[in-house]
Amino acid sequence: MGYDIVIIGGGPAGLSAGIYASRLGAKTLLLEKLNPGGQITLSSEIENYPGICEVKSGLEFMGCWPEQAKKFGCEIKSEEVTKLSMENEKWIIETHKNKYKAKAVILATGSNPKKAGFEGEEEFTGRGVSYCAVCDGFFYKDRVVAVIGGGDTALEEALYLSKIAKKVYLIHRRDKFRAAPHTQKKVLNTPNIEIIFNETVKKVIGKDFVEGIILSSNKEIKLDGVFVFVGMKVNNELVKDLAELNEYGEVKVNLKMETSKKGLYAAGDVRSDSVKQVIAAAGDGATAAINAIKYIEGENK
Ligand code: FAD
Ligand code: NAP
């Protein structure tokens with residue numbers, strides 16, 4: 001099955017690329033392994049995308065992006081890409097079910113949550129350890145939880161959980177947060193969030209479900225759930241032997257979103273120097289699509 005452009009990943013970068021590429025007349029296929037929408041669909045709120053004058057959940061915000069792409073002719077299939085290679089100047093994109101050919105590929109595979117690395121983290125995932133407050137927060141109604149991390153995600157999700165849980169411990173390994181000052185202020189003004197600085201979680205304790213945590217100072221806290229928000233790891237597996245990466249494993253691009261490999265573009269969280277925001281991912285997707293079309297038409301060779 002041959003296409004002009006195959007887009008891998010259906011988050012804000014991939015869907016924006018899909019809208020632009022198909023609207024500009026390219027035969028476009030977008031492959032997404034989960035539901036389209038990307039990681040923002042795990043977020044309880046988005047309020048910093050221009051035009052969003054009322055706070056929305058990530059899921060609601062991303063709701064119509066796939067429809068918009070399909071309206072212009074972008075095909076969207078629910079398939080995980082397992083291999084990317086080049087044969088006779090055509091890109092070969094393999095999934096568990098199919099093999100596709102394309103003149104250009106846009107990699108928009110985004111990023112995934114990192115593990116914090118405490119004892120019991122794997123064992124208790126889904127049994128009190130979570131990486132998604134929107135998905136699991138409700139299980140902790142009127143209960144006690146901990147949030148680990150000091151970035152925007154940790155603080156925003158601690159605020160979200162403070163409206164559901166009786167108490168939220170916010171545990172950060174340093175004594176300064178990285179999150180936006182506006183969000184820090186909100187956290188400081190929330191009475192049921194207790195901040196614990198200069199500590200990490202050593203281990204979780206419990207039988208079938210989490211019953212407590214032991215901190216690096218050996219202090220024990222009884223609680224029901226642990227939410228981990230300690231940053232993201234970029235999904236570079238498909239191209240790590242094909243294109244140049246930077247020291248963080250991000251795919252190196254220039255201002256056209258071109259990677260070191262001709263006809264291969266990277267957009268969104270997966271590319272180098274991304275500010276890892278929805279607006280930036282969407283902009284990258286549009287830039288990559290416009291330049292991929294120029295490449296196909298012989299302008300960007
Ligand atoms: P992603 O959204 O990660 O999408 C990548 C997609 O690719 C995923 O759907 C994935 O399933 C798919 N994929 C990966 N590998 C494959 C494969 N091999 N085959 C097929 N599909 C694949 N940003 C803001 O601007 N404002 C916010 O308020 C905000 N809040 C956030 C809250 C949370 C909890 C998190 C985690 C992030 C938040 N961000 C926010 C950051 C924002 O979500 C990301 O910057 C943005 O989603 C990146 O978009 P992307 O399309 O590059 O990647
Ligand atoms: P992040 O900014 O990388 O923050 C990760 C936090 O986790 C840091 O505070 C870090 O501590 C801590 N940490 C890392 N590893 C740890 C470990 N093993 N144990 C304990 N703590 C650990 O990640 P993020 O908050 O997920 O944000 C990712 C990107 O998305 C950022 O660019 C962010 O701005 C963006 N984002 C934006 C919004 C928004 O605009 N509203 C919302 C969410 C996310 P140190 O501080 O000591 O390094």
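Residues numbered from 1 in each chain as written. Chains lettered and ligands numbered in written order. Predicted model: local features only at pLDDT ≥ 70, side-chain atom pairs only at ≥ 80, totals over all residues. Heavy atoms only, no water.

Participant: Could you give an account of the domain arrangement of the chain, with specific residues and numbers?
Facilitator: One can read the domain layout of the chain as domain 1 (2-112 + 232-300) and domain 2 (115-228). Distance between the C-alpha centres of domain 1 and domain 2: 32 Å. Each partner contributes residues to the interface: domain 1 has five residues there, and domain 2 has eight residues. Together, the buried faces of domain 1 and domain 2 total about 510 Å²; carbon and sulfur atoms form 45% of this surface. Among the residues of domain 1 in contact with domain 2, Leu42, Ser44 and Glu45 are the three that bury the most area, contributing 72% of the side total. Its salt-bridge partner being Glu47, residue Lys186 comes within 4.0 Å of it at the nearest N-O pair. Taken together, the links from domain 1 to domain 2 amount to zero residue pairs in polar contact (both at pLDDT 80 or more). (Domains from an automatic or database assignment. Contact = heavy atoms within 4.5 Å. Buried area = accessible area lost by both parts, 1.4 Å probe. Salt bridge = Lys/Arg side-chain N within 4 Å of Asp/Glu carboxyl O. Polar contact = N/O pair within 3.5 Å; in protein donor to acceptor, adjacent residues only side chain to side chain.)

Participant: Can you tell me about the site of ligand 1, naming the residues and giving the values?
Facilitator: Close to ligand 1 lie 32 residues; Ala13, Glu32, Gln39, Asp269 and Val278 are nearest. Contacts to ligand 1 include Gln39, whose side-chain N or O atom sits 2.9 Å from an oxygen atom. Between Gln277 and ligand 1, the recorded distance is 3.1 Å, taken from a side-chain N or O atom to an oxygen atom. Considering ligand 1 on its own, with 1000 Å² of exposed area, one finds that the protein chains cover 92% of that surface. Elements with a contribution of two residues or more to the shell around ligand 1: α1 (12-23), β2 (28-32) and α7 (278-296). (Near = heavy atom within 4 Å. Areas by Shrake-Rupley, 256 points an atom, 1.4 Å probe, with all protein chains shown as cover. Helix = DSSP H or I, 4+ residues; strand = E, 2+ residues; numbered from the N terminus.)

Participant: An account of the pairing of strand β11 (residues 193-196) is needed here, citing residue identities and associated values.
Facilitator: As defined by bridge partners, strand β10 (residues 167-171) adjoins β11 across four bridges and the pair is classed as parallel. Residue pairing in the sheet places Tyr169 in a bridge with Glu194 of β11. Regarding the hand of the β-α-β motif, the stretch spanning β10, helix α6 (residues 181-188) and β11 is right-handed. (Pairing = 2+ DSSP bridges. Right-handed = clockwise from strand over helix to strand, strands pointing away.)

Participant: Provide a residue-level description of the environment of Thr28, including the pertinent values.
Facilitator: Structurally, Thr28 can be placed in strand β2. For Thr28 and Ile52, which are 24 residues apart along the polypeptide, the C-alpha to C-alpha distance reads 28 Å. Those residues in contact with Thr28, other than ones at most four positions away along the chain, are Tyr3, Ile5, Ile7, Gly18, Ala21, Ser22, Gly73, Cys74 and Glu75. Among the polar contacts listed, one links the side chain of Thr28 to the backbone oxygen of Ala26, at a separation of 2.9 Å.

Participant: Quick rundown of the pairing of strand β6 (residues 99-107)? Include the residues and the values.
Facilitator: Where strand β1 (residues 2-8) lies against β6, six bridges are found, and the strand directions are parallel. Within β6, the residue paired with Ile5 across the bridge is Ala104. As paired elements, strand β5 (residues 90-95) and β6 share four bridges and run antiparallel to each other. Along β6, the bridge assignment pairs Trp91 with Ala102. The antiparallel pairing of β5 with β6 creates a hairpin that spans three residues between the two strands. Judged from the three bridges that link them, β6 and strand β17 (residues 264-266) form a sheet pairing that is parallel. Residue pairing across strands places Val105 opposite Leu264, the latter belonging to β17.

Participant: Give me the lowdown on the nonpolar core, citing residues and values where you can.
Facilitator: Judged by nonpolar contacts, the single largest core of 54 residues is most densely connected at Ile5, Ile8, Ile93 and Ile106. Take this core: its biggest share by element is eight residues, from α7. Counting 19 residues, the second largest nonpolar core, distinct from the first, contains Phe118, Val144, Ile148 and Ile171. (Core = buried A, V, L, I, M, F, W, Y, C linked by side-chain atoms within 4.5 Å. Buried < 20%, exposed > 50% of the residue type's maximum accessible area, 1.4 Å probe, protein only.)

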